[in-house]
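Structure at a glance
If you want the building blocks of each chain, they are given just below.
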Amino acid sequence: MTYQSAAISNDLSSLPKLPDWVTSGRAETLDTVAFRSGATLTVLGQLVSDPRHGVPVKLLASRLALSAATATSKLEGRLAREADIRDAYHLTPPGETRGPDGDLLAFWREAVRLRLGGPGEIADLVGADFAREVGIWLDTGLERARTHGPLAGCMVVLQAVLQADDRAERVACLLSDLVLTRVLNWKTVLPVSARRLTKSALRDLNAKGQGAELAVQARILESIEETIQLARDLARRAKALRTVAPKLRAKGSDAAVDLFLTEDAIAPASMLSPYIYGTTIPMTSRAARRFCDRLVELGVARELTGRPTFRLYGIAP
Amino acid sequence: MTAATRKRKPTDEDGAVFDRELDDLPRELRWREWMGRIEAVLFARSSPVGREDLARVVGQEASVEMLIDDIQAELTGRPYELAQVAGGWMFRTKAQFSGAIKAAADLGEQSLGFTEMEMGVLCAIAYHQPIDRAGLREIFGKEISRDLLARLRYKDLIASGPRAPRPGAPHTFVTTETFLVTFDLQSLRDLPELELDPDERSAVLVCEQE
């Protein structure tokens, strides 16, 4: 049987995008970075805050968590690739140790689930060594952001954390993301700070080297621009999935579709069966496999690993 | 535990309020009592105790680090020290007394020692975790015996990690907190840098994946 593959539409005209005058220039001074970040953050803010644009924000956050884990893994001097990290997280049976890569992804996945009201949660996540200072650092960052703009606020917390412990890159990046989220009043934490950072850029920033702040700000700006691309792309893919959803008549397919709209990688054997993750709707492992295959046939999801077994599916690129 | 010691602290076990703040004591004595508590907690445990656990036995305002510093200051010249390992603190004897301890325990030559192969496998796991037996075979060019891995696991230096995505879903190995303590590491980042250039390193990783 053949299926007509659902066309992933290219009609993006309705979604906010970056104007050319933002993307064409180069970030050469702190002023240009500040100016461009204003435009960039506005567009990203519109995309993630207005449900009419149909951006699957949780999916976006979960995809960004994987990028952040990959980036911080490099910052911490490990060599894990994105696929390794994803496997380490998704293939650990319950009760076993995830290892450093899986733990790192777990850290970022918890980060995007943070409810911003609770400072206790943040303290739990960053660990006891930093729990005490977190509040102060965040306040300083927010204060700076209020007077000098969001990215300047990020710089203050990055510097503060790295000064306290130059190995706490993941905590530094997380707090920087929290400052952005709070200043811009987003509902979900989007981990954009770590994505493009390099060890040397952070080292310079910590040593207060010439132009270090500009370099780091420019990298975060780049990452935000990429996040806009990603958000638009995911909105398109989510729309395609929602379009074919009525054709899926498997039991529990609605809940399974919802899961695809919140998670970037789904292991059918553990996340769809015996119960669809987060629900009490049962699905047999065979039904779960068939469901994922059907989504691939319909052209709305893809298999992420290229393996014949231990497959992971997702709609994100 | 003898009956006598059990009797001595009935209030704690009944869940009576544990006095952290010690407001009735003068400053000086309070600080000494807090130092004593931390020292006692660390003494009673053979594994590292984290900051949050220690913070529970002293006043809200007390700095665990400063208390630890004061304890450490008193320990200079003692044959044991308060070391910071694996994200916590623990008491341990200084390395120079290892001979005396071994002689007293009549360990002779057997000691805690690792064979060269055990050490090699442990290193490979530390750097390449999570890694399964097939991955280890590719590094060493021969099968790594299950017995050797079982010995490392028995010493609690390695544990089971994620499943490897290969036929049979073998579990991979990862290092444990005991591993960090044994080799005096704060975290895996304290492992010595491998002296390979980046291209070679990624090449090594790629062959393991295949």
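Per-chain numbering applies: the sequence of each chain, read as written, is numbered from 1 onward. Chains carry letters and ligands carry numbers; both start at the beginning, A for chains and 1 for ligands, and go up in the order they are written. Restriction of local features to residues with pLDDT of at least 70 applies here, the model being predicted, together with a cutoff of 80 or more for giving and counting side-chain atom pairs; totals for whole chains, interfaces and linings are based on all residues.

Considering the overall build of chain A
Note the threshold: Think of it this way: any DSSP run of H or I at least four residues long counts as a helix, any run of E at least two long counts as a strand, and we number them from the N terminus. Here the radius of gyration uses the C-alpha set of atoms, whereas the globule reference equals 2.2 Å times the residue count to the power 0.38. The burial label depends on the number of other C-beta atoms within 10 Å of a residue's C-beta. Counts of 20 or more mean buried, 12 or fewer mean exposed, and intermediate counts mean partly exposed, with C-beta atoms placed from the backbone.
When helices and strands are tallied, chain A shows 14 helices and two strands. For 317 residues, the compact-globule estimate of 2.2 N^0.38 gives 20 Å, and the C-alpha radius of gyration of chain A, at 20 Å, lies within 12% of that figure. With respect to the principal axes defined by its C-alpha atoms, chain A has extents near 65 × 45 × 35 Å. The proportion of buried residues among the 317 residues of chain A is 44%.

Quick notes on the overall build of chain B
Here is the rule we go by: Residues are defined as contacting one another if the C-beta atoms placed from their backbone atoms lie within 7 Å.
Secondary structure summary: chain B contains eleven helices and five strands in total. Taking the intrachain contacts of chain B between residues at least 6 apart in sequence as the baseline, contacts between residues at least 24 apart amount to 52%.

Side note on the interface of chain A and chain B
With 20 residues of chain A at the contact, the number on the chain B side is 17 residues. The element contributing the most residues to the side of chain A that touches chain B is helix α5 (residues 99-113) of chain A, with three residues.

Side note on the pairing of strand β4 (residues 158-163) of chain B
Residue and element names in this part refer to chain B. Keep this limit in mind: Note: two strands are recorded as paired if DSSP finds a minimum of 2 bridges between them.
Burial of β4 is extensive: five of the six residues sit out of reach of the surface. As paired elements, β4 and strand β5 (residues 171-175) share four bridges and run antiparallel to each other. Residue pairing across strands places I158 opposite T175, the latter belonging to β5.

Some thoughts on helix α3 (residues 27-44) of chain B
Residue and element names in this part refer to chain B. Rules: Every helix has an expected span of 1.5 Å times one less than the residues it contains. This arc describes the spread of directions from the helix axis toward the C-beta atoms.
Here α3 spans 26 Å end to end across 18 residues, near enough to the 26 Å set by a 1.5 Å rise per residue. Considered for burial, the residues of α3 that qualify are W34, I38 and L42. Take α3 and look down its axis: the buried residues cluster within an arc of 70 degrees, on one side only. Residues of α3 that are exposed and point over 90 degrees away from its buried face: E28, L29, R32, A40, F43 and A44. Each element contacted by the buried residues of α3 is listed here: β1 (49-50), α4 (51-55), α5 (64-74), β2 (80-85) and β3 (88-93).

Here's the deal with the packing of helix α2 (residues 30-49) of chain A against helix α11 (residues 212-244) of chain A
All names here are of chain A. This is how the line gets drawn: As a rule, the C-alpha atoms of each element are fitted with a line to give its axis, helices using only the stretch in contact, and angles between N-to-C directions run from 0 to 180 degrees. Geometric relationships in this document are graded by angle, where less than 35 degrees denotes roughly parallel, more than 145 denotes roughly antiparallel, 65 to 115 denotes roughly perpendicular, and other angles denote oblique. Helix crossings fall into two classes, left-handed where the near helix is turned counterclockwise from the far one by less than a right angle and right-handed where it is turned clockwise. In this classification, the charged set is Asp, Glu, Lys and Arg, the nonpolar set is Ala, Val, Leu, Ile, Met, Phe, Trp, Tyr, Cys and Pro, and all remaining amino acids, among them Gly, are polar.
Between α2 and α11, whose axes approach to 10 Å, the crossing angle comes to 25 degrees. Between α2 and α11, the interaxial angle falls into the category roughly parallel. Remark: the crossing between α2 and α11 carries left-handed chirality. When α2 is examined against α11, the residues L30, V33, R36, S37, T40, L41, V43, L44, L47 and V48 are found in contact with a partner set consisting of L214, Q217, A218, L221, I224, E225, T227, I228 and A231. Considering only residue class, the contact of α2 with α11 consists of 13 nonpolar, four polar and two charged.

Details of the domain arrangement of chain A
Residues and elements named next belong to chain A. Short version of the rule: Domain start and stop points were drawn from an automatic or database domain assignment.
According to the domain assignment, chain A consists of domain 1 (27-234) and domain 2 (248-315). Its C-alpha centre places domain 1 at a distance of 29 Å from the equivalent point of domain 2. Those elements that place two or more of their residues in the side of domain 1 that touches domain 2 are α3 (57-75) and α4 (82-90). Looking at the side of domain 1 that touches domain 2 element by element, the count peaks at five residues for α3. Residues of the side of domain 1 that touches domain 2, tallied by class, amount to five nonpolar, two polar and three charged.

A look at unusual backbone geometry
For the peptide bond that leads from A:S273 to A:P274, omega is 0 degrees, which places it in the cis range. Tracing the backbone shows A:P274 in the loop between α13 (268-272) and α14 (285-297). B:Q129 connects to B:P130 through a cis peptide bond whose omega is -5 degrees. With respect to the element layout, B:P130 can be found in the loop between α7 (116-128) and α8 (133-140). The phi angle at A:N185 is positive, at roughly 65 degrees, despite the residue not being glycine. Mapped onto the fold, A:N185 is located in the loop between α9 (169-184) and α10 (199-206). Looking at A:N185, the number of C-beta atoms within 10 Å reads 9, which means it is exposed. One non-glycine residue, B:L22, lies in positive phi territory at about 55 degrees.

Concerning the nonpolar core
Side chains that are nonpolar tend, in soluble globular proteins, to be buried together. Selection rule: Think of a nonpolar core as buried Ala, Val, Leu, Ile, Met, Phe, Trp, Tyr and Cys residues chained together by C-beta atoms that fall within 7 Å.
Counting 92 residues, the largest nonpolar core has A:L60, A:A65, A:V157, A:L175, A:A231 and A:L234 as the members making the most contacts within it. The element contributing the most residues to this core is α11(A), with 13 residues. There are two domains that each give this core at least three residues, and those are domain 1 (27-234) and domain 2 (248-315) of chain A. A:L234 has contacts with A:V55, A:P56, A:L59, A:L60 and A:A316, leaving out every residue within four places of it along the chain. Ranked by size, the runner-up nonpolar core spans 18 residues in total, among them B:L157, B:I158, B:V174 and B:V181.

Observations regarding the sheet that holds β3(B)
Strands pair in a sheet through their backbones, by hydrogen bonds, and they do so in one of two ways: parallel or antiparallel. Residues and elements named next belong to chain B. Pairing in this open sheet of three strands is antiparallel, and the strands run β1-β3-β2 from one edge to the other. Each edge of the sheet is formed by a strand with only one pairing partner; in this case those strands are β1 and β2. Pairing of β2 with β3, which is carried by six bridges, proceeds in the antiparallel orientation. In the sheet register, Q84 faces β3, and the bridge partner there is W89. Contacts between α3 and the sheet are confined to β1, β2 and β3, with β3 contributing the most and set at about 70 degrees to the helix.

Regarding the packing of α4(A) against α5(A)
Residues and elements named next belong to chain A. The N-to-C vectors of α4 and α5 enclose an angle of 85 degrees; their axes lie 8 Å apart at closest approach. The orientation of α4 with respect to α5, classified from their angle, is roughly perpendicular. Listed contacts from α5 to D84, I85, A88 and Y89 of α4 are G99, D101, G102, L104, L105 and A106. Residue classes in the contact of α4 with α5 are distributed as six nonpolar, two polar and two charged.

A closer look at the confidence of the model for chain B
Residue and element names in this part refer to chain B. Threshold: Confidence per residue, as judged by the predictor, is encoded in pLDDT with a range of 0 to 100.
Of all residues in chain B, 81% have pLDDT values of 70 or greater, and the mean over the chain is 80. A low-confidence stretch, residues 1-14 (pLDDT under 50), is modelled with three contacts involving residues beyond four sequence positions or located in other chains. The low-confidence segment residues 197-210, where pLDDT is below 50, has ten contacts with residues more than four positions distant or belonging to other chains. Scored as a complex, the prediction yields pTM 0.80 and ipTM 0.76.

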